[in-house]
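The primary structure of each chain is shown beneath.
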Amino acid sequence: MDRIPILKMGEYLLVTVQVDMHDRLAMTLQEDLAERIVKARARAVLIDISALEVVDSFIGRMLGSIAAIARVLDAETVVVGMRPAVAITLVELGLALPGVRTALNVEKGMEILRRSLGQSEGNGNGAAAEAVAPPSEADAER
Amino acid sequence: MLRDDTLSLRSSEDIVLIRQAVRSAAVDLRLGLVDQTKIVTAASELARNTLDYGGGGTVRIQGLQEGSRRGVRLTFEDKGPGIPDVERALKDGYTTGGGLGLGLGGARRLSNEFAIESRPGEGTKVTIARWTA
């Protein structure tokens, strides 16, 4: 069965959704993330949806559930890279993603997460996060 | 030749195929990016309704041309239990299936044309269209 990969970087989990998700794939991602947060002792989840051409109410609800599940497991979630046409459509659909923090791109998303995790983490994690941000950024600009 | 295809809708994987087919029709008819996104999203909502409440069915995807105006029309049909109270089903937040209840009302807002016919015990037919400005 296909799965969406979850990358771990220090206290962060990174997910880049590259494919148009069918419903089961979205549910699997939700379950995988919950497990990985606990197993990896992650404090933050960043989900890059810049490749998604459509976010319907099912995917929107899934993003909200992931953020809520992560919060209960003491982790922050930021969704980044939403396309403008997707944002316009989501709001008209009636879904403004309450409870989901968003940022324009991976860099800004990481900034939000780093700030909300506070100064407690060492420079090592921060540096690792920077090193990985540019390739994801390139993705976001495709 | 304008597109006129009918796809069957039996599983949640078919929803992905329908999104792709509607996107390709909207691109062929040179709808703008926001219009494309709206009709594809509306298609996704209605396809899920057809599957979850109608027990599956079909979707017809038609290309439209009227003078300089171009558009895409989608017709979702199922032979499910039907909707007893269509007005109520169109209200946001109304659901019998545990979803958000945005499907019908949301699809109506995302479309330029919207029509629904439903007969209890016989099925439901929803038609939407999105046109170029």
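Since this is a predicted model, take the numbers as computed values, not measurements. (Residues numbered from 1 in each chain as written. Chains lettered and ligands numbered in written order. Predicted model: local features only at pLDDT ≥ 70, side-chain atom pairs only at ≥ 80, totals over all residues. Heavy atoms only, no water.)

Draft legend 1. Region of the structure containing the sheet that holds strand 3 (residues 44–48) of chain A. Residue and element names in this part refer to chain A. Reading across from one edge, 1-2-3-4-5 is the order of the five strands in this open sheet, with mixed pairing throughout. In this open sheet, the two strands that pair with only one neighbour each are strand 1 (6–9) and strand 5 (101–103). Averaged over all pairs of adjacent strands, the angle between strand axes in this sheet comes to 25°, irrespective of strand direction. Of the strand pairs in this sheet, strand 4 (residues 76–80) and strand 5 are connected by three bridges, and their pairing is parallel. When the sheet's bridge partners are listed, Val79 is paired in strand 5 with Thr102. Taken strand by strand, helix 4 (residues 106–116) contacts strand 1, strand 2 (12–16), strand 3, strand 4 and strand 5, and its axis lies near 165° from that of strand 4. (Pairing = 2+ DSSP bridges. Helix = DSSP H or I, 4+ residues; strand = E, 2+ residues; numbered from the N terminus. Axes fitted to C-alpha atoms, helices over the stretch in contact; angles between N-to-C directions. Contact = heavy atoms within 4.5 Å.)

Draft legend 2. Quick peek at helix 4 of chain A. Residue and element names in this part refer to chain A. When we look at burial in helix 4, the residues that qualify are Val106, Gly109, Met110, Ile112 and Leu113. The arc enclosing the buried residues of helix 4, seen along the axis, measures out at 160°, which places them on a common side. One side-chain oxygen at the N-terminal end of helix 4 lies 3.3 Å from the backbone nitrogen of Glu107; it belongs to Asn105. Just beyond helix 4, the residue with positive phi is Gly118, at close to 80°. (Buried < 20%, exposed > 50% of the residue type's maximum accessible area, 1.4 Å probe, protein only. Arc of directions from axis to C-beta. Polar contact = N/O pair within 3.5 Å; in protein donor to acceptor, adjacent residues only side chain to side chain.)

Function cannot be inferred from these measures alone, as they are strictly geometric.
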